[in-house]
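The chain contents come next:
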Amino acid sequence: MSIKLGTRGSPLSLAQTSWVLDELKNTNPSLTFEIEKITTKGDTDTRPLFAMEQKGIFEKEIDRAVSEKQVDFAVHSMKDVPSDLDSSLTIACVPKRESVNDVLITNDGFSLDSIPSGSTVGSSSLRRAVQISRKRPDLNVKPIRGNIETRINKVTEKKIDGIVLAKAGISRLGVDTKHSLLSKDEFLPSPGQGALAIICRSDDSKTIEMLKKIEDKNSRIEVEAERSLSEHIDSGCRFPVGAYASVKSDSLILKVGVYSMDGKKSILIEENGTIDNPFELGKKIGNELKSQGVSEIASNWREKLEEWNKQ
Ligand SMILES: NCc1[nH]cc(CCC(=O)O)c1CC(=O)O
């Protein structure tokens, strides 16, 4: 009998699903798989992402299909999976992570340093918008929605001068476009960026065993540290938090940046931990952020957000 997997219908989700299926077929050659496309709120609601209240807008319906046994597992972008995943589900597998970096896409291959003053740059996330404005206050930053191709077309059609996207997204789609890689140290990515989360039912040991065959240990460790941090400051897609962890032999480094909506205030922390306890490192930095006043920085971001979305 075929194993069913659920996915959004976006080109990126389908590309991610196809990649995972290829990996699973290589490690489980006797199995057959069936793809079921599921439309999510994030796919149909065209408001700017941070105008929406609900976290997990890209995958709640898919997770329900897994819980209700409509499908056996689902492939998500890790950064779209809220930290409070339903207890009936588990992130059974974190395959090898793609680049965590963001990229600036323009028609002329400008970097964030060289793009002309007064240019308009589109961003789908507050984290990106705030960091663009901090580095280049002379640029106009606008909210942008739509899938990756739609956003890139706005640049090629000269409707906007540049957009900032995740390198992982254009890599997985095989998009050949002029872009400038943004340093992950100067332009902190979203927690979990570049990683995939393959989820299934927590009690489905057979599916878990099958999925585990394509797990990447270091990617799991890095994502666990980043998600632990998010849990401790309840970030999510809408609150401007940048973070990435990296495994260096037995040590684990976690770097975090939290920004006020106007970009004027920030807290930047970098700590070392061990690969044996990534959760502890995320919790430690989360607590350090709280002691350094993250709640003040986070205050009034909803009101500021409304102003920004009215542009
Ligand atoms: N919801 C946006 C989203 N979710 C996952 C990716 C691709 C990058 C990744 O896997 O983190 C993107 C596009 C982007 O951020 O540019």
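None of the values given here were measured: they were computed from a predicted structure.

1. Comments concerning the sheet that holds strand β13 (residues 266-274)
Across the sheet, 3 strands lie side by side as β11-β12-β13; this open sheet has antiparallel pairing. Only two strands of the sheet have a single partner each, and these edge strands are β11 (241-248) and β13. Neighbour to neighbour, the strand axes of the sheet diverge by 10° on average, direction disregarded. In this structure, β11 lies alongside strand β12 (residues 251-259), joined through 8 bridges in antiparallel fashion. Each residue of the ladder has a partner; that of Tyr 244, found in β12, is Lys 255. Sitting on the sheet, helix α4 (residues 126-135) is in contact with β11, β12 and β13, with an inclination near 80° to β12.

2. Description of the sheet that holds strand β6 (residues 120-123)
On the basis of which strands lie adjacent, the open sheet formed by 5 strands has the order β7-β6-β8-β5-β9 and mixed pairing. For this open sheet the edge positions go to β7 (140-143) and β9 (179-181), each flanked by a neighbour on one side alone. Within the sheet, the average angular offset between the axes of one strand and its neighbour, ignoring direction, is 30°. Bridge count between strand β5 (residues 102-105) and strand β8 (residues 162-166): 4 bridges; the pairing is antiparallel. Considered in β8, the bridge of Leu 104 is made with Val 164. Where helix α5 (residues 148-156) meets the sheet, it contacts β5 and β8, and its direction lies at approximately 155° from that of β8.

3. What about the confidence of the model for the chain?
Caution is warranted with low-pLDDT regions, since their predicted coordinates should not be read in detail. Mean pLDDT for the chain: 90, with 90% of residues reaching 70 or above. We note a pTM of 0.92 for the whole complex and an ipTM of 0.96 for its interfaces.

4. Thoughts on the nonpolar core
Core analysis: the biggest nonpolar cluster contains 20 residues, and Leu 229, Leu 252, Leu 254, Val 256, Val 258 and Leu 289 have the highest contact counts within it. Looking at this core, the elements with two or more residues in it are α8 (217-233), β11, β12, β13, α9 (278-291) and α10 (294-298). Excluding its chain neighbours within four sequence positions, the residues that come into contact with Val 256 are Leu 188, Leu 229, Val 241, Gly 242, Ala 243, Ile 267, Leu 268, Ile 269, Ile 285 and Leu 289. In this structure, Leu 21, Val 75, Ala 92 and Ile 214 belong to the second largest nonpolar core, which totals 17 residues.

5. Side note on the packing of aromatic side chains
Overall, the coordinates contain 1 aromatic pair when judged by the stated rule. Seen from their ring centres, Phe 33 and Phe 73 are 6.4 Å apart, and the 90° between their planes marks the pair as edge-to-face. One end of the pair, Phe 33, is in strand β2 (residues 33-37); the other, Phe 73, is in strand β3 (residues 73-77), with 40 residues separating them in the sequence. Looking at Phe 73, the relative accessible area reads 0%, which means it is buried.

6. Considering α8
Here α8 spans 25 Å end to end across 17 residues, near enough to the 24 Å set by a 1.5 Å rise per residue. For α8, the buried fraction is high: 12 of the 17 residues fall into the buried class.

7. Quick word on the pairing of strand β1 (residues 3-7)
Of all 5 residues in β1, 4 are buried, a share of seventy percent or more. Alignment of β1 against β2, held across 5 bridges, turns out to be parallel. Bridged to Ile 3 within β2 is Phe 33. For the segment spanning β1, helix α1 (residues 11-27) and β2, crossover handedness is right-handed. Two strands pair when backbone bridges link them, and β1 and β3 are joined in this way by 2 bridges, in the parallel orientation. Its bridge partner lying in β3, Gly 6 is registered against Ala 74.

8. Remarks on the pattern of salt bridges
Scanning the model with the defined rule gives 13 salt bridges in all. Measuring nitrogen to oxygen at the nearest pair gives 3.4 Å for the salt bridge that ties Glu 186 to Lys 135. Of this pair, Glu 186 sits in the loop between β9 and β10 (196-201) while Lys 135 sits in helix α4, and the two are 51 residues apart along the sequence.

9. Description of α9
Compared with the 20 Å implied by 1.5 Å per residue over 14 residues, the 20 Å span of α9 between its first and last C-alpha is a close match. Within α9 the residues assigned to the buried category are Pro 278, Leu 281, Gly 282, Ile 285, Gly 286 and Leu 289. The buried residues of α9 occupy an angular sector of 135° when projected down its axis, which confines them to one face. Looking at the buried positions of α9, the neighbouring elements they touch are α8, β12, β13 and α10. Note on α9: the residue one or two positions beyond its end, Gly 293, has a positive phi of about 95°.

Conventions adopted
Residues numbered from 1 in each chain as written. Predicted model: local features only at pLDDT ≥ 70, side-chain atom pairs only at ≥ 80, totals over all residues. Heavy atoms only, no water. Pairing = 2+ DSSP bridges. Helix = DSSP H or I, 4+ residues; strand = E, 2+ residues; numbered from the N terminus. Axes fitted to C-alpha atoms, helices over the stretch in contact; angles between N-to-C directions. Contact = heavy atoms within 4.5 Å. pLDDT = per-residue confidence, 0-100. Core = buried A, V, L, I, M, F, W, Y, C linked by side-chain atoms within 4.5 Å. Buried < 20%, exposed > 50% of the residue type's maximum accessible area, 1.4 Å probe, protein only. Phe/Tyr/Trp six-rings, centres within 6.5 Å; stacked < 30°, edge-to-face > 60°. Expected span 1.5 Å × (residues − 1). Right-handed = clockwise from strand over helix to strand, strands pointing away. Salt bridge = Lys/Arg side-chain N within 4 Å of Asp/Glu carboxyl O. Arc of directions from axis to C-beta.

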